[in-house]
Amino acid sequence: MAAASGLMRRPLEQVTVREAINQGMDEELERDEKVFLLGEEVAQYDGAYKVSRGLWKKYGDKRIIDTPISEMGFAGIAVGAAMAGLRPICEFMTFNFSMQAIDQVINSAAKTYYMSGGLQPVPIVFRGPNGASAGVAAQHSQCFAAWYGHCPGLKVVSPWNSEDAKGLIKSAIRDNNPVVVLENELMYGVPFEFPSEAQSKDFLIPIGKAKIERQGTHITVVAHSRPVGHCLEAATVLSKEGIECEVINMRTIRPMDIETIEASVMKTNHLITVEGGWPQFGVGAEVCARIMEGPAFNFLDAPAVRVTGADVPMPYAKILEDNSIPQVKDIIFAIKKTLNI
Amino acid sequence: MRKMLAAVSRVLSGAAQKPASRVLVASRNFANDATFEIKKCDLHRLEEGPPVTTVLTREDGLRYYRMMQTVRRMELKADQLYKQKIIRGFCHLCDGQEACCVGLEAGINPTDHLITAYRAHGFTFTRGLSVREILAELTGRRGGCAKGKGGSMHMYAKNFYGGNGIVGAQGQIFEAYNMAALWKLPCIFICENNRYGMGTSVERAAASTDYYKRGDFIPGLRVDGMDILCVREATRFAAAHCRSGKGPILMELQTYRYHGHSMSDPGVSYRTREEIQEVRSKSDPIMLLKDRMVNSNLASVEELKEIDVEVRKEIEDAAQFATADPEPPLEELGYHIYSSDPPFEVRGANQWIKFKSIS
């Protein structure tokens, strides 16, 4: 079956993030005929980043739809479809292009259930790659986690590994609210071991729940998306020096699982946040603010520290780009500073 | 007599390449200009269109040939550098579309203003930047026209506003049409119709592929974008229309790109190799100009070959520079965030990393 449909399914093997998203969408398309995918190059081209490979061949023109290059237009069409009872997955080739359509995401999708007094739900998924890639410069490298995470009415998820990607896309599609799924282009090709539960067609990861990827006692390290991997690398390095980091994969930006972070900080007494986006008004800033507002504040032995992208439009030259995104060394530095080492 | 002239010409070309001396020798052999028939443009809301004949001077012809060949070779060099991973990120090449940027520039003034999308290297060159600055920007070095900070899609020059990465603004175009017509703005809207939007053919993306009519109340022309003389005449016509106070006008240039949408797109999953080959053999803009010039004695095959050699050398030198030039200094990471402001500090990856920002 796998060979005939061209879809990738290997039991107990490594699955890339791309394959995981593909599987998740495939399963939900199969499960519910109201689900459909639209966007640029998603059908006949198999997806600009090949995430929707094989789906058009399997489901055809009515379920997998190539749109003209008109983000505001097709996002609006998708929202209308959701209001009318369908369950669209609206792909933005990158979230940078979603800015062309952001009015539809916020004003037509996010706010509508509230504005209608609970009458009109908008069960839509907006998905696509977010944040920096490699050498794609200023207009193609922005992280939208903070912008979308700012808005009540939206749910915003940010998967890191394959398990996250599959479980979260499925939950997003089944959710009756507008969900923004912030994928990462550099993670698409990265393979991860799939736990056996993830093989199931009903494998879901709840939106709004963070995961502790690594237990530790000395410091809480909170991240989302690709930087989670960098944090785990930093943790491995520091472990050799006797520093045990507790690494939390946020998985969801909104609604934020602050409880998991609080419980961890109450154990470790130290906190750093790591994100690819800009520092001002970012995800880390929100985490820090909420920690201050809650019970974990009194358990902090040092101020919380944020590791972020540099506060500049993304430069193109490699040396500048490398210094504009958080590296493992920056994470290690921040951890040691916080621990006063 | 002819042998003597040929000998003199050889001696002169072997020495310093001074166009003046060559013209002196050459003018004895070649015609000064020639008249050509060009394709009639399809018209929308226009009583008359551009002329169907045009005069090409030898000087202009040689200049256009050199410019088109430079753009062609520059793009092919970029392809090479990209495959060597010396150019990174996105790279959208315009080989095949040379008649558009060169022909356009031939029809306007350097003081006119131009803006385009991401397939911009050709325009960056015709708007006055050197191949060196362009290639060094592609390789992300300090000698690049944006100091290495912009890359392929973000090159700017005087009266050239880039190079822009975000498209997908079909609605915005109609808003622009409305306001331009309402306020009679002297604006030429140009569609380089290369038949595909990334991997989607125009038939699959447009309810009407008569793009020159899509301005509705704005008059339009459909132009053979592979013929540089046609592009030039149409541009002159359009510019005159605007300058005379009649308001905006639309030009659809029918053209073709040999490469895929970008270097990440092989360009053969949505079109056939036969199609690409057919355009190359029948409609290549450089070939069309060359044939015209040779057949009407405006230039010799050898002379054009010489230009090819010079262009190749220029590109090679530029590529050498672009590969050897150092990257921008790390200290300048924060520069040029704001204009005309006093210096301030920019935060890096954490609160202890600071960069200086100056205007």
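All values reported here derive from a predicted model rather than from experimental measurement.

On a plain count of helices and strands, chain A comes out with 14 helices and 14 strands. The C-alpha atoms of chain A give a radius of gyration of 20 Å, which matches the 20 Å a tight globule of 341 residues would have. Seen along its three principal axes, the alpha-carbon backbone of chain A occupies a region of about 60 × 45 × 40 Å. Per-residue burial for chain A yields a buried fraction of 61% across its 341 residues. Restricting the contact set of chain A to residue pairs at least 6 apart, pairs at least 24 apart contribute 80%. As displayed, chain A offers around 12900 Å² of accessible surface, 56% of which is attributable to carbon and sulfur atoms.

So, on to the overall build of chain B. Within chain B one finds 12 helices and 10 strands. Here the C-alpha atoms of chain B give a radius of gyration of 22 Å, agreeing with the 21 Å that 2.2 N^0.38 yields for 359 residues. Principal-axis analysis of the C-alpha atoms places the extent of chain B at approximately 80 × 55 × 45 Å. Scored against the burial criterion, the 359 residues of chain B give a buried share of 52%. Counting contacts in chain B only where the partners sit at least 6 residues apart, residues at least 24 apart contribute 68% of the total. Only carbon and sulfur atoms are counted for the fraction: they give 54% of the accessible area of chain B, which is about 17000 Å². Across chain B, the 49 positively charged side chains and the 44 negatively charged ones have centroids separated by 3 Å.

Take the packing of aromatic side chains next. Residues and elements named next belong to chain B. All told, the structure shown has 15 aromatic pairs over all chains when counted by the stated rule. Across the ring face of Phe-321, the terminal group of Arg-132 is positioned such that the distance to the ring centre comes to 3.9 Å. Cation over ring: Arg-280 sits above Tyr-258, and NZ or CZ is 4.1 Å from the ring centre.

Of the residues lining the interface, 46 residues belong to chain A; the matching set on chain B comes to 47 residues. Carbon and sulfur atoms make up 58% of the surface buried where chain A meets chain B, a total of about 3800 Å² over both sides. Taken together, the links from chain A to chain B amount to two salt bridges. Among the ionic pairs, A:Glu321 bridges to B:Arg88, the shortest N-O distance being 3.1 Å. Our count for the contact surface shared by chain A and chain B stands at 18 residue pairs in polar contact (both at pLDDT 80 or more). Looking at the side of chain A that touches chain B, the elements that each hand over two or more residues are helix H5 (95–98), strand S14 (305–307), helix H13 (318–322) and helix H14 (328–338) of chain A. Residue composition of the side of chain A that touches chain B, by class: 26 nonpolar, 11 polar and nine charged.

According to UniProt, the feature "domain: Dehydrogenase E1 component" (unreviewed entry) maps to residues 169–330 of chain B in the numbering used here. Spanning residues 169–330 of chain B, this segment combines 49% helix with 13% strand, and its end C-alpha atoms are found 35 Å apart.

Strands belonging to one sheet form pairs held by backbone hydrogen bonds; the direction of such a pair is parallel or antiparallel. Residue and element names in this part refer to chain A. Taken in spatial order, the seven strands make up an open sheet running S3-S2-S4-S5-S7-S6-S12, and their pairing is mixed. Two strands bound the open sheet, and with one partner strand each, they are strand S3 (64–66) and strand S12 (252–254). Adjacent strand axes in the sheet meet at a mean angle of 20° when their direction is disregarded.

All names here are of chain B. Read across the sheet, four strands follow the order S2-S7-S8-S4 without closing on themselves; strand pairing throughout is mixed. Only two strands of the sheet have a single neighbouring strand rather than two, namely strand S2 (42–44) and strand S4 (188–193). Between one strand axis and the next, the sheet turns by 20° as a mean value, whatever way the strands run. Together, S4, strand S7 (220–224) and strand S8 (249–254) form the strand contacts of helix H9 (residues 228–243), whose direction differs from that of S8 by roughly 170°.

Residues and elements named next belong to chain B. Only one face of strand S3 (residues 53–57) is covered, namely the one carrying Thr-54 and Leu-56; the face carrying Thr-53, Val-55 and Thr-57 has none of its residues buried. The pairing of strand S1 (residues 33–37) with S3 spans five bridges and is antiparallel. When the sheet's bridge partners are listed, Glu-37 is paired in S3 with Thr-53.

Further remarks concern the UniProt feature "domain: Transketolase-like pyrimidine-binding" (unreviewed entry) in chain A. Sites flagged by UniProt as "domain: Transketolase-like pyrimidine-binding" (unreviewed entry) map to residues 15–190 of chain A. Secondary structure across residues 15–190 of chain A divides into 39% helix and 16% strand, with the first and last C-alpha atoms of the span separated by 8 Å.

This brings us to the pattern of salt bridges. A full pass over the atoms with the stated rule returns 45 salt bridges over all chains. Taking the shortest distance from any N to any O, the salt bridge between B:Asp227 and B:Arg292 comes out at 2.8 Å. On the criterion of sequence distance, the pair formed by B:Asp227 in the loop between S7 and H9 and B:Arg292 in helix H11 (residues 285–295) is long-range, its members being 65 residues apart. On the basis of relative accessible area, B:Asp227 is assigned to the buried category, the value being 6%. Between B:Lys282 and B:Glu278 there is a salt bridge, with the nearest N and O atoms lying 2.7 Å from each other. Here the residue B:Lys282 and the residue B:Glu278 both occupy positions in helix H10 (residues 273–283), the gap between them amounting to four residues, near one helical turn. For B:Lys282, a relative accessible area of 56% translates into the label exposed. What makes B:Glu278 partly exposed here is its relative accessible area of 43%. Linked through salt bridges whose partners overlap, the residues forming this network are A:Glu27, A:Glu28, A:Arg31, A:Lys166, A:Lys170, A:Arg174 and A:Asp202.

Let's shift gears to empty space enclosed by the protein. According to the stated counting rule, one finds seven cavities of 30 Å³ or more in the structure shown. Taken together, A:Tyr49, A:Thr94, A:Asn96, A:Pro129, A:Asn130, A:Gly131, A:Ala132, A:Ser133, A:Val136, A:His140, A:Glu185 and B:Phe90 make up the lining of the largest cavity.

This part is about the nonpolar core. Residues and elements named next belong to chain A. Met-25, Val-221, Cys-245, Ile-272 and Ile-335 are the most contacted members of the largest nonpolar core, which has 72 residues in total. Take this core: its biggest share by element is six residues, from helix H10 (residues 227–239). Here this core spans two domains, and each of domain 1 (14–199) and domain 2 (211–339) adds at least three residues to it. Sequence-distant contacts of Ile-335, that is, excluding residues within four places in its chain, are made with Ile-219, Val-221, Leu-238, Cys-245 and Ile-272.

Glancing now at the domain arrangement of chain A. Residue and element names in this part refer to chain A. In terms of domain boundaries, chain A breaks down into domain 1 (14–199) and domain 2 (211–339). The distance between the C-alpha centroids of domain 1 and domain 2 comes to 26 Å. Of the roughly 2000 Å² buried where domain 1 meets domain 2, counting both sides, 59% is carbon and sulfur surface. For domain 1, the biggest contributors to the area lost against domain 2 are Gly-135, Ser-158 and Trp-160; these three give 26% of the whole. Inspection of the domain 1/domain 2 interface yields two salt bridges.

All names here are of chain B. With respect to the helices, strands and loops of the structure, Leu-93 is situated in the loop between helix H3 (58–83) and helix H4 (98–107). Separated by 106 residues in the primary sequence, Leu-93 and Gly-199 place their C-alpha atoms 15 Å from one another. Excluding residues that lie within four positions of it along the chain, Leu-93 makes contacts with Glu-75, Ala-78, Asp-79, Arg-119, His-121, His-259 and Met-263.

This brings us to the environment of B:Leu304. Residue and element names in this part refer to chain B. Looking at where Leu-304 falls in the secondary structure, it is placed in helix H12 (residues 301–324). Overall, Leu-304 belongs to the buried group, its relative accessible area being 1%. Measuring from C-alpha to C-alpha, the distance between Leu-304 and Met-293 comes to 9.5 Å, with 11 residues separating the pair along the chain. The contacts of Leu-304, once residues within four sequence positions are left out, are Leu-62, Tyr-65, Lys-290, Val-294 and Ala-299.

Reading the values: rules and limits
Residues numbered from 1 in each chain as written. Chains lettered and ligands numbered in written order. Predicted model: local features only at pLDDT ≥ 70, side-chain atom pairs only at ≥ 80, totals over all residues. Heavy atoms only, no water. Helix = DSSP H or I, 4+ residues; strand = E, 2+ residues; numbered from the N terminus. Rg over C-alpha atoms; globule rule 2.2 N^0.38 Å. Buried < 20%, exposed > 50% of the residue type's maximum accessible area, 1.4 Å probe, protein only. Contact = heavy atoms within 4.5 Å. Areas by Shrake-Rupley, 256 points an atom, 1.4 Å probe, with all protein chains shown as cover. Lys, Arg positive; Asp, Glu negative; His and termini not counted. Charge placed at Lys NZ, Arg CZ, Asp CG, Glu CD. Phe/Tyr/Trp six-rings, centres within 6.5 Å; stacked < 30°, edge-to-face > 60°. Lys NZ or Arg CZ within 6 Å of the ring centre and 35° of its normal. Buried area = accessible area lost by both parts, 1.4 Å probe. Salt bridge = Lys/Arg side-chain N within 4 Å of Asp/Glu carboxyl O. Polar contact = N/O pair within 3.5 Å; in protein donor to acceptor, adjacent residues only side chain to side chain. Nonpolar A, V, L, I, M, F, W, Y, C, P; charged D, E, K, R; others polar. UniProt positions renumbered as here; feature names shortened; annotations may be inferred. Pairing = 2+ DSSP bridges. Axes fitted to C-alpha atoms, helices over the stretch in contact; angles between N-to-C directions. 1 Å grid on protein atoms, 1.4 Å probe; cavity = no way out; pocket = protein on both sides within 12 Å on 5 of 7 lines; lining within 4 Å. Points joined across faces, edges and corners; volume = space filled by probe spheres on them. Core = buried A, V, L, I, M, F, W, Y, C linked by side-chain atoms within 4.5 Å. Domains from an automatic or database assignment.

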